[in-house]
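Listed below are the residues making up each chain.
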Amino acid sequence: MKVFKETLKREARRLLFPPRCPSCDELLAPDEQSFCKRCEPLIKKVRGNFCMVCGRLLKSADALVCPDCGKFPHIFSEGRPLYEYEGPVREAVYRFKYGGRKSYADAFAYDAMKLWGEWIKASADLIVPVPMNADKLKKRGYDQADVLAKAVSYQSGIEYSHALYRMKNTVPMKTLTRSERQNNLKNAFQVRNFDVKLRRILLVDDIYTTGSTLDACALALLDQGAAEVCGIYISIGG
Ligand SMILES: [Zn+2]
Ligand SMILES: [Zn+2]
């Protein structure tokens, strides 16, 4: 019944907001699921030789992890991006976050399943969005990571829960150094109203920067007994 209701809701939304290509923003043809045929060849999907931890593309053929993950071990186990962070993807993410283009979530979730579907199903039995803080949510009207997490849950059939809550944060993360960020992120998230014990969790976020946000979320989840925490994101920002 729950699945049926969710399908109806999604179909109604598709009528109101027909799916658009996240790159050129044109309406998608019925046989196009993520990017349109013109944009698809321009989008660089992450595949080949990538960091086993964060999923960043590697320059050296021998390395298993990127220099960043080699230097700073993470609390989450593994994370996977969908695309390289270049022109069309940057603009797509911008419109997804700030331009009201919630509908791109279905396109990104489609590619998430196409690229990492097997890995997602093997790694997770619960999908949890990295939550936005309440003030930002009020201003923007929606939480893009939450919309994306719901779309990945719908397309994978894996349970979704908004299990994490973001504590009030007054300092903008962008202005902080790595160590300041880490300090700021300790206790930044709390698990609420959901039993995550022994669950294998896939965190969903828009952009991975240093991984410190995923680590802080993983810390809160593992502290409440989660078995493992992985992550998926649209791209890795510079
Ligand atoms: Zn396009
Ligand atoms: Zn890495």
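Residues numbered from 1 in each chain as written. Chains lettered and ligands numbered in written order. Predicted model: local features only at pLDDT ≥ 70, side-chain atom pairs only at ≥ 80, totals over all residues. Heavy atoms only, no water.

As named in an unreviewed UniProt entry, the protein chain is ComF family protein, taken from Candidatus Weimeria bifida. The annotation that UniProt attaches to the protein chain under Sequence similarities (unreviewed entry) is "Belongs to the ComF/GntX family." (UniProt positions renumbered as here; feature names shortened; annotations may be inferred.)

### A few points about the coordination of the zinc ion (ligand 2)
The reference angle at a metal is 109.5 degrees if four donors form a tetrahedron and 90 or 180 degrees if six donors form an octahedron. Protein-derived ligands of the zinc ion (ligand 2) are Cys51 (SG), Cys54 (SG), Cys66 (SG) and Cys69 (SG), with the metal-ligand distances lying across 2.3 Å. Sequence spacing of the donor residues for the zinc ion (ligand 2), all on one chain, is C-x2-C-x11-C-x2-C. Within this pair, whereas cysteine 51 is found in the loop between α1 (2-16) and α2 (67-71), its partner cysteine 69 is found in helix α2, the two being separated by 18 residues in sequence. (Donors = N, O, S within 2.8 Å, 3.2 Å for Na, K, Ca; no water. Helix = DSSP H or I, 4+ residues; strand = E, 2+ residues; numbered from the N terminus.)

### Structural notes on the coordination of the zinc ion (ligand 1)
In this structure, Cys21 (SG), Cys24 (SG), Cys36 (SG) and Cys39 (SG) serve as the protein donors to the zinc ion (ligand 1), at separations of 2.3 to 2.4 Å. Considering all 4 donor atoms around the zinc ion (ligand 1), the spread of angles at the metal, 104 to 116 degrees, places the coordination shape in the tetrahedral class. For the zinc ion (ligand 1), all donor residues lie on one chain, and their spacing in sequence is C-x2-C-x11-C-x2-C. Taken together, the residues cysteine 21 in the loop between α1 and α2 and cysteine 36 in the loop between α1 and α2 connect sequence positions 15 residues apart. (Tetrahedral: all angles 85-135°; square planar, octahedral: opposite > 155°, others 65-115°.)

### A word on the packing of aromatic side chains
How two aromatic rings sit relative to each other is given by the distance of their centres and the angle of their planes. Within this structure, the stated rule accounts for 8 aromatic pairs. Each ring, one from phenylalanine 76 and one from tyrosine 208, has its centre 6.1 Å from the other, and the planes form 85 degrees; the classification is edge-to-face. Remark: tyrosine 208 occurs in strand β5 (residues 200-208) and phenylalanine 76 occurs in the loop between α2 and β1 (79-83); sequence separation between them is 132 residues. Since its relative accessible area comes to 3%, tyrosine 208 is described here as buried. Aromatic side chains tyrosine 94 and tyrosine 98 sit 4.8 Å apart centroid to centroid with 45 degrees between the ring planes, which places their arrangement in the tilted category. One end of the pair, tyrosine 94, and the other, tyrosine 98, are both in helix α3 (residues 87-98), 4 residues apart, so they sit about a helical turn from each other. Among the residues examined, tyrosine 98 registers a relative accessible area of 41% and is labelled partly exposed. Among the aromatic side chains, those forming a connected cluster through ring pairs are Phe35, Tyr83, Phe96, Tyr104 and Phe108. The ring of tryptophan 116 has arginine 80 lying over it, and the distance from NZ or CZ to the ring centre is 5.5 Å. One Lys or Arg, arginine 192, reaches over the ring of tyrosine 165 and ends 3.7 Å from the middle of that ring. (Phe/Tyr/Trp six-rings, centres within 6.5 Å; stacked < 30°, edge-to-face > 60°. Buried < 20%, exposed > 50% of the residue type's maximum accessible area, 1.4 Å probe, protein only. Lys NZ or Arg CZ within 6 Å of the ring centre and 35° of its normal.)

### What about the confidence of the model for the protein chain?
Here the protein chain shows a mean pLDDT of 91. Residues at 70 or above account for 97%. Here helix α7 (residues 178-185) is the element of the protein chain with the lowest mean pLDDT, 75, and strand β2 (residues 126-129) is the one with the highest, 98. (pLDDT = per-residue confidence, 0-100.)

### With respect to a nonpolar patch on the surface
Taken together, the side chains of Met52, Leu64 and Val65 define a hydrophobic patch exposed on the protein surface, amounting to about 260 Å² of accessible area. Relative to the elements of secondary structure, methionine 52 occurs in the loop between α1 and α2. (Patch = residues over 30% accessible without salt bridge, like charges linked within 9 Å, V, L, I, M, F, W, Y side chains within 5 Å. Areas by Shrake-Rupley, 256 points an atom, 1.4 Å probe, with all protein chains shown as cover. Salt bridge = Lys/Arg side-chain N within 4 Å of Asp/Glu carboxyl O.)

### Overview of the pattern of salt bridges
Under the defined criterion, the tally for this structure stands at 15 salt bridges. With its nearest N and O atoms 2.8 Å apart, the salt bridge here joins aspartate 25 to arginine 101. Here arginine 101 lies in the loop between α3 and α4 (104-123) and aspartate 25 lies in the loop between α1 and α2, a separation of 76 residues in the sequence. Salt-bridge contacts for glutamate 78 lead to arginine 80; the nearest nitrogen and oxygen are separated by 3.5 Å. With relative accessibility at 25%, the residue glutamate 78 sits in the partly exposed group. Counted as one network, the salt bridges with shared partners bring together Asp125, Glu159, Arg199 and Arg200.

### With respect to the nonpolar core
Formed by 38 residues in total, the largest nonpolar core has its most connected members in Tyr83, Phe108, Trp116, Ile120, Leu148, Leu202 and Ile232. Elements represented by at least two residues in this core include exactly β1, α3, α4, α6 (144-156), β5 and β6 (228-236). With 9 residues, the single largest contributor to this core is α4. Those residues within four positions of tryptophan 116 in sequence are excluded, and the remaining contacts are Val46, Phe50, Arg80, Pro81, Leu82, Asp111 and Ile232. Of all hydrophobic cores here, the second largest spans 30 residues; its members include Val53, Leu185, Leu203 and Ala226. (Core = buried A, V, L, I, M, F, W, Y, C linked by side-chain atoms within 4.5 Å. Contact = heavy atoms within 4.5 Å.)

### Observations concerning α4
Taking 1.5 Å of rise per residue, the 20 residues of α4 would be expected to cover 28 Å, yet its terminal C-alpha atoms sit only 24 Å apart, more than 12% below that figure. Of all the bends in α4, the largest measures some 85 degrees and sits at tryptophan 116. For α4, the buried fraction is high: 14 of the 20 residues fall into the buried class. (Expected span 1.5 Å × (residues − 1). Bend = angle between axes of the 7 residues up to and from the residue.)

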